[in-house]
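# Descriptive structure summary
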Amino acid sequence: MERPKEELALIEKIEEARKKLNASIDERKEYDTIYQYSVELDHLIEQYLVAGYPAEQ
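A few points on the structure. As the structure is a prediction and not an experimental result, all values here were calculated from the model.

## Points about the packing of helix 1 (residues 5-26) against helix 2 (residues 31-51)
- Close contact between helix 1 and helix 2 brings their axes to 9 Å; oriented N to C, the two are set at 160°. On the basis of their axis angle, the class for helix 1 and helix 2 is roughly antiparallel. Crossing geometry of helix 1 relative to helix 2 is assigned as left-handed. On helix 2, the residues that touch Glu7, Leu10, Ile11, Lys13, Ile14, Ala17, Arg18, Lys20, Leu21, Ser24 and Ile25 of helix 1 are Ile34, Tyr37, Ser38, Glu40, Leu41, Leu44, Ile45, Gln47 and Tyr48.
- Grouping the amino acids of the contact of helix 1 with helix 2 by side-chain chemistry returns twelve nonpolar, three polar and five charged.

Shown next, in the form of structure tokens:
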């Protein structure tokens, strides 16, 4: 079953936010920066869950 375009776009945003967060941790950025990236990722994950998309198979 093919995933809707909206779901794929949100998954892409989540992956980009995760990469940005991981890079900020690896580069030992300031706490406030890491925290902001973490909050952004949490918000995107919340959007995914609220939308009710199924878990990847």
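## Things to note about the pattern of salt bridges
- In this structure the tally under the stated criterion is five salt bridges.
- Linking Glu7 and Arg3 is a salt bridge whose minimum nitrogen-to-oxygen distance equals 2.2 Å.

## Description of helix 2
- Taking 1.5 Å of rise per residue, the 21 residues of helix 2 would be expected to cover 30 Å, and the 30 Å separating its terminal C-alpha atoms lies within 8% of that figure.
- For helix 2, the complete set of buried residues consists of Leu41, Leu44 and Tyr48. Projected down its long axis, helix 2 shows its buried positions confined to an angular sector of 60°, all on one face. Opposite the packed face of helix 2, turned more than 90 degrees from it, sit the exposed residues Tyr31, Asp32, Leu49 and Val50.
- The elements touched by buried residues of helix 2 are helix 1.
- Positive phi shows up at Gly52, right after helix 2, with a value of about 80°.

Basis of the calculations
- Residues numbered from 1 in each chain as written.
- Predicted model: local features only at pLDDT ≥ 70, side-chain atom pairs only at ≥ 80, totals over all residues.
- Heavy atoms only, no water.
- Axes fitted to C-alpha atoms, helices over the stretch in contact; angles between N-to-C directions.
- Helix = DSSP H or I, 4+ residues; strand = E, 2+ residues; numbered from the N terminus.
- Parallel < 35°, antiparallel > 145°, perpendicular 65-115°, else oblique.
- Left-handed = near helix turned anticlockwise from the far one by under 90°.
- Contact = heavy atoms within 4.5 Å.
- Nonpolar A, V, L, I, M, F, W, Y, C, P; charged D, E, K, R; others polar.
- Salt bridge = Lys/Arg side-chain N within 4 Å of Asp/Glu carboxyl O.
- Expected span 1.5 Å × (residues − 1).
- Buried < 20%, exposed > 50% of the residue type's maximum accessible area, 1.4 Å probe, protein only.
- Arc of directions from axis to C-beta.

Geometric descriptors of this kind do not, in isolation, establish any biological role.
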